[in-house]
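Residue-level listing of the chains:
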Amino acid sequence: MLPTARLILACLLLTLSLIPARAQDSLDIIFQPAPRPMPTAVMIESGARLELYFSSLKQGGLGLLRLAGDGIEDPRLDFLGRERRFFQVEDDAWYALLIVDMNASPGLRQLTVRADRGLEEISFARDIRVDSGRFILQEFELPANRAYLVNPAIEAAEFARLDEITSESGPKPLWDAGGFGLPLESETTSPFGAFRVLNDGVKTRHTGWDQRASSATPVHAMASGKVAFAAPLEIRGDAVVIDHGVGVYTLYAHLSQSNVTPGETVDAGQIIGLSGNSGRSTGPHLHWELIVAGHWLDGLEIVALWLPS
Ligand SMILES: [Zn+2]
């Protein structure tokens, strides 16, 4: 090493040693929104750019679309026989969640996206692969005092009620830049979409995820939003439903206590209640669900998804 270089290095080390060390607990943690990832596919039509943020989708899964271009109005998509509107965020691009019902048949399905620009219509078409959700089969025996809840009519009535509760969402996302996180830190015990056989061979589906939680464990809002429902349901027991905007809802079930009231705004991570064993449950745990536009979806996918805000 040259003498000059050695001198510079010595000075640098001396300078560094003079900077007082900061105590560990005084470090400021800076939360920054994750940058938008690279799209997995890009399509260009008449100067408009459609970006896909997934390569394939599975039954019960969801993906993100982004549409950018000058003067685009009223973009909408058609997929699996359903039309959905895009929503707009600050950077003036349009976004939409592409969702796959858990009962959709695997295979190639056509996605069509249309938008207006003045008198012109811009249109995109692409085949999207829908993969199997590889759902497992589980058998459960409800205790005698709750066996009456193994009743398809009670279940159908509850789904109808939840369809109403989850149909009031506004046109803007209510989640913040952090997106969605898990409602509590513990292992998952039963997966979304499982085929279930209950008492007397009654068949049903698992519409959410279960996580291990002893009674009275704090349950956190998965994202910011507005409380749409907080009351007892027959099957889901004491439940809280949060509206995250653009048709996206999360539901927290079998609670022993809820800490929120309908209409209240909640922050991501806020404690909204305590876990429990109410409703059609065989022991204390947290069951939570993701509902988008009336479809029950795999909530772990929205936790993993980058979302605009
Ligand atoms: Zn469950």
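Whatever comes next refers back to the structure up there.
Because the structure is predicted, anything quoted here is derived from the model rather than measured. (Residues numbered from 1 in each chain as written. Predicted model: local features only at pLDDT ≥ 70, side-chain atom pairs only at ≥ 80, totals over all residues. Heavy atoms only, no water.)

Participant: For this particular structure, what's the right way to read the sheet that holds strand β4 (residues 62–68)?
Facilitator: By way of backbone hydrogen bonds, the strands of a sheet pair with one another, either parallel or antiparallel. Spatially, 5 strands are ordered β1-β2-β4-β8-β7 in an open sheet, and the strand pairing comes out antiparallel. In the strand order of this sheet, the two ends are held by β1 (41–45) and β7 (87–88), each with one partner. (Pairing = 2+ DSSP bridges. Helix = DSSP H or I, 4+ residues; strand = E, 2+ residues; numbered from the N terminus.)

Participant: Quick question: what am I supposed to make of the pattern of salt bridges here?
Facilitator: It is possible for side chains bearing opposite charge to pair when their charged atoms get close. Taken as a whole, this structure holds 18 salt bridges when the rule is applied. Among the salt bridges present, the one from Glu 51 reaches Arg 36, with a minimum N-O distance of 3.6 Å. Residue Glu 51 is located in strand β2 (residues 48–52), and its partner Arg 36 is located in the loop between α1 (3–18) and β1; the two are separated by 15 residues in the primary sequence. For Glu 51, a relative accessible area of 2% gives the class buried. On the accessibility criterion, Arg 36 (36% relative accessible area) is partly exposed. For Arg 76, the salt bridge is made with Asp 116, and the minimal N-O distance between the two is 3.5 Å. Residue Arg 76 is located in strand β5 (residues 73–79), and its partner Asp 116 is located in strand β9 (residues 107–117); the two are separated by 40 residues in the primary sequence. Residue classification places Arg 76 among the buried residues on the basis of a relative accessible area of 13%. One connected set of salt bridges, linked through shared partners, spans Asp 74, Arg 76, Glu 83, Arg 85, Arg 114, Asp 116 and Glu 121. (Salt bridge = Lys/Arg side-chain N within 4 Å of Asp/Glu carboxyl O. Buried < 20%, exposed > 50% of the residue type's maximum accessible area, 1.4 Å probe, protein only.)

Participant: Could you clarify how one ought to interpret the sheet that holds β9 in this entry?
Facilitator: Ordered by their spatial adjacency, 5 strands build an open sheet running β3-β10-β9-β5-β6, and the pairing between neighbours is mixed. Each end of this open sheet is capped by a strand with a single partner; those strands are β3 (57–58) and β6 (82–85). The pairing of β9 with strand β10 (residues 120–131) spans 11 bridges and is classified as antiparallel. Note that in β10 the partner of Leu 111 across the bridge is Arg 126.

Participant: Would you mind showing me how to read the layout of surface pockets here?
Facilitator: Over the atoms rolls a probe the size of a water molecule, and its path tells where empty space is left. Taken as a whole, the largest pocket spans an internal volume of roughly 410 Å³. Around the largest pocket, the lining is made up of 27 residues, and of these Arg 196, His 206, Asp 210, His 254 and Arg 280 lie nearest the centre. Looking at the lining of the largest pocket, the elements that each hand over two or more residues are α2 (152–165), β12 (188–190), β14 (203–205), β15 (209–211) and β22 (286–292). Classifying every residue of the lining of the largest pocket gives 7 nonpolar, 12 polar and 8 charged. Taken as a whole, the second largest pocket spans an internal volume of roughly 220 Å³. Forming the walls of the second largest pocket are Arg 84, Arg 85, Phe 86, Phe 87, Thr 166, Ser 167, Ser 169, Pro 171, Val 246, Gly 247, Ala 293 and Gly 294. Partitioning the lining of the second largest pocket into residue classes produces 5 nonpolar, 5 polar and 2 charged. (1 Å grid on protein atoms, 1.4 Å probe; cavity = no way out; pocket = protein on both sides within 12 Å on 5 of 7 lines; lining within 4 Å. Points joined across faces, edges and corners; volume = space filled by probe spheres on them. Nonpolar A, V, L, I, M, F, W, Y, C, P; charged D, E, K, R; others polar.)

Participant: Help me understand the pairing of β6 in this model?
Facilitator: Remember that side chains alternate between the two faces of the sheet whenever the strand is regular. Pairing analysis gives 4 bridges linking β5 to β6, with the strands arranged antiparallel. Following the sheet pairing, Phe 79 is matched in β6 by Arg 82. In textbook terms, the turn of a hairpin is the stretch between consecutive antiparallel strands, and for β5 and β6 this stretch comprises 2 residues, one of which, Leu 80, has a positive phi near 55°.

Participant: Even after reading the chapter, I still don't get the environment of Thr 261, so can you show me in this structure?
Facilitator: With respect to the helices, strands and loops of the structure, Thr 261 is situated in the loop between β19 (248–258) and β20 (265–266). Considering only alpha carbons, one finds Thr 261 and Val 240, 21 residues apart in sequence, at a separation of 8.7 Å.

Participant: Mind showing me how you'd approach the nonpolar core here?
Facilitator: In summary, soluble globular proteins display a tendency toward joint burial of nonpolar side chains. Counting 52 residues, the largest nonpolar core has Leu 97, Val 248, Tyr 252 and Ile 272 as the members making the most contacts within it. Elements that contribute at least two residues to this core include exactly β4, β8 (94–99), α2, β17 (225–233), β18 (237–243), β19, β22 and β23 (295–297). When residues are assigned to domains, this core turns out to be shared by domain 1 (41–131) and domain 2 (137–304), each giving three or more. The contacts of Leu 97, once residues within four sequence positions are left out, are Leu 62, Gly 63, Leu 64, Leu 77, Arg 84, Val 248, Val 292, Leu 305 and Leu 307. If you look at the next biggest cluster of nonpolar residues, it comprises 25 residues, including Met 43, Ile 72, Ala 104 and Ile 122. (Core = buried A, V, L, I, M, F, W, Y, C linked by side-chain atoms within 4.5 Å. Domains from an automatic or database assignment. Contact = heavy atoms within 4.5 Å.)

Participant: What is the right way to read the side chain of Arg 205 from this model?
Facilitator: Turning to its location among the elements, Arg 205 is positioned in strand β14. One buried charge, Arg 205, has no salt-bridge partner; the nearest side chain with opposite charge is Asp 101, at 7.1 Å. Of the polar contacts made by the side chain of Arg 205, one reaches the backbone oxygen of Gly 193; its length is 2.9 Å. (Lys, Arg positive; Asp, Glu negative; His and termini not counted. Polar contact = N/O pair within 3.5 Å; in protein donor to acceptor, adjacent residues only side chain to side chain.)

Participant: How should I be thinking about the coordination of the zinc ion in this particular structure?
Facilitator: Note on metal sites: the ideal angle is 109.5 degrees for four tetrahedral donors, and 90 or 180 degrees for six octahedral donors. At this site the zinc ion is bound by His 206 (NE2), Asp 210 (OD) and His 287 (ND1), with donor distances of 1.9 to 2.1 Å. Within one chain, the residues serving as donors to the zinc ion are arranged as H-x3-D-x76-H. Of this pair, His 206 sits in the loop between β14 and β15 while His 287 is found in strand β22, placing the two residues 81 residues apart along the sequence. For His 206, a relative accessible area of 2% puts it in the buried group. In this structure His 287 comes out as buried when scored by relative accessible area, which is 6%. (Donors = N, O, S within 2.8 Å, 3.2 Å for Na, K, Ca; no water.)

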